[in-house]
Amino acid sequence: MGRREDIIDAALSIMSEDGARGLTLPAIFERVGTGSGTFYHYFKGVDALIQEVFVHCCAISQEALRSTDDPSMPIRERFFLCVKAIFQAYVDYPREMKFLYWYAYGYVVPNETNPDSIPSLDFLVEVLEDAQASGLVETGVAPVVEARMVRGLIASAVWGNDRGMFADDPKSLHVFTKACWRFIGGSNDK
């Protein structure tokens, strides 16, 4: 890794340990073993660093989800794969996915640069739009709201997995994805 990537990695570590308020220049300098000259060579400030961390995490999230998608699959199966892929991304990339979650959902002071969504949410919205258009989900709830509800369920499962209360074995994940589908009003008919 280069110095720029070292700084991004250190920022992720610091925020996963101490939250966004722990991300200070002295903490970064100590973690990376560098000074302000190197930091400012790559970033204009902490806000610019956080934006770069966001871009980095989005790329990881998009790859994790898009690599599992097959638009030719039945919608319900696509939804199941999407939920499992998001859960697995949390297991494989916990710092990055947790950063995306809290960054997009308000743990950073809101401003015009904060996103309304993150890649995994956008992907869920696409699948849910298809599900509603085909009549498999008939709730009258906007797909973006349903996607956020499912994200909350996934976050709860990840929390349980982190604490040994939810096993991430194939059977448990299948039962969980079916529960998510029922939660949003998904039909088992098609």
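To be clear, the structure that these remarks concern was listed above.
Basis of the calculations
Residues numbered from 1 in each chain as written. Predicted model: local features only at pLDDT ≥ 70, side-chain atom pairs only at ≥ 80, totals over all residues. Heavy atoms only, no water. Helix = DSSP H or I, 4+ residues; strand = E, 2+ residues; numbered from the N terminus. Buried < 20%, exposed > 50% of the residue type's maximum accessible area, 1.4 Å probe, protein only. Contact = heavy atoms within 4.5 Å. Areas by Shrake-Rupley, 256 points an atom, 1.4 Å probe, with all protein chains shown as cover. Lys, Arg positive; Asp, Glu negative; His and termini not counted. Charge placed at Lys NZ, Arg CZ, Asp CG, Glu CD. Core = buried A, V, L, I, M, F, W, Y, C linked by side-chain atoms within 4.5 Å. Patch = residues over 30% accessible without salt bridge, like charges linked within 9 Å, V, L, I, M, F, W, Y side chains within 5 Å. Salt bridge = Lys/Arg side-chain N within 4 Å of Asp/Glu carboxyl O. Disulfide = S-S within 2.5 Å. Axes fitted to C-alpha atoms, helices over the stretch in contact; angles between N-to-C directions. Parallel < 35°, antiparallel > 145°, perpendicular 65-115°, else oblique. Left-handed = near helix turned anticlockwise from the far one by under 90°. Phe/Tyr/Trp six-rings, centres within 6.5 Å; stacked < 30°, edge-to-face > 60°.

Peer 1: When you look at the overall build of the protein chain in this model, what are you seeing that I'm missing?
Peer 2: Each helix and strand in the protein chain was counted, giving nine helices and zero strands. Element order for the protein chain, N to C, with α for helix and β for strand: α-α-α-α-α-α-α-α-α. For the protein chain, buried positions account for 42% of its 190 residues. Within the protein chain, counting contacts between residues at least 6 apart in sequence, those at least 24 apart form 65% of the total. Element-wise, carbon and sulfur atoms account for 53% of the exposed surface of the protein chain, whose accessible area totals about 9,700 Å². Charged side chains of the protein chain number 18 positive and 26 negative; the gap between the two group centres comes to 4 Å.

Peer 1: Hey, could you run me through the nonpolar core in this one?
Peer 2: A general feature of soluble globular proteins is that nonpolar side chains tend to end up buried together. Core analysis: the largest hydrophobic core is formed by 57 residues, its most contacted members being Leu49, Val53, Phe79, Phe99 and Ile154. Taken together, the elements giving at least two residues each to this core come down to α1 (3–18), α2 (25–32), α4 (46–66), α5 (75–92), α6 (94–104), α7 (119–133), α8 (143–162) and α9 (170–183). Considering each element in turn, this core owes the most residues, 10 residues, to α5. Leaving out residues up to four positions away in the same chain, isoleucine 154 has contacts with Val83, Ile86, Phe87, Tyr90 and Phe176.

Peer 1: What is the right way to look at a nonpolar patch on the surface in this model?
Peer 2: A cluster of nonpolar side chains, namely Val144, Val145, Met149 and Phe183, defines an oily patch on the protein surface of about 310 Å² accessible area. Here the nonpolar patch takes three residues from α8, the largest share from any one element. Within the secondary structure, phenylalanine 183 sits in helix α9. Judged by relative accessible area, which is 45%, phenylalanine 183 ranks as partly exposed.

Peer 1: Just to check I follow, could you spell out the state of the cysteines for this structure?
Peer 2: Enumeration over the complete set of coordinates arrives at zero disulfides. Not part of a disulfide, cysteine 57 finds its nearest cysteine sulfur in cysteine 58, a span of 7.3 Å. A relative accessible area of 1% means that cysteine 57 is categorised as buried. By relative accessible area, cysteine 58 is classed as buried at 11%.

Peer 1: Sorry if this is basic, but what is going on with the packing of α5 against α7 here?
Peer 2: Two numbers describe a pair of packed helices, the interaxial angle and the distance between the axes. Where α5 meets α7, the closest approach of the two axes is 9 Å, and the angle between their N-to-C directions is 165 degrees. Classified by the interaxial angle, the pair formed by α5 and α7 is roughly antiparallel. Crossing hand, α5 versus α7: left-handed. Every residue of α7 that contacts α5 at Ile75, Arg78, Phe79, Cys82 and Ile86 is listed here: Ser120, Phe123, Leu124, Val127, Leu128, Asp130 and Ala131.

Peer 1: Quick question: what am I supposed to make of the packing of aromatic side chains here?
Peer 2: Ring pairs (aromatic) are described by centroid distance and by the angle formed between their planes. This model, assessed by the stated rule, comprises nine aromatic pairs. Consider the rings of phenylalanine 29 and phenylalanine 39, whose centres lie 6.1 Å apart with planes at 70 degrees: the pair is edge-to-face. Of this pair, phenylalanine 29 sits in helix α2 while phenylalanine 39 sits in helix α3 (residues 36–42); the two residues are 10 residues apart in sequence, bridging distant segments of the chain. Aromatic rings pair up to connect Phe29, Phe39, Tyr40, Tyr42 and Phe43 into one cluster.

Peer 1: So what exactly am I meant to see when it comes to the side chain of serine 187 here?
Peer 2: In this fold, serine 187 is placed in the segment after α9. For serine 187, a relative accessible area of 18% corresponds to the buried category. With residues up to four places along the chain from it excluded, the contact list for serine 187 reads Arg76, Leu136 and Trp181.

Peer 1: I'm lost on the pattern of salt bridges in this one. Help?
Peer 2: When their charged atoms lie close together, side chains carrying opposite charge are able to pair. Counted by the stated rule, this structure contains nine salt bridges. In this structure, the salt-bridge partner of glutamate 17 is arginine 31, at a minimum N-O distance of 2.8 Å. One end of the pair, glutamate 17, is in helix α1; the other, arginine 31, is in helix α2, and 14 residues separate them in sequence. Taken together, the salt bridges that share partners define one network made up of Asp9, Arg95 and Glu96.

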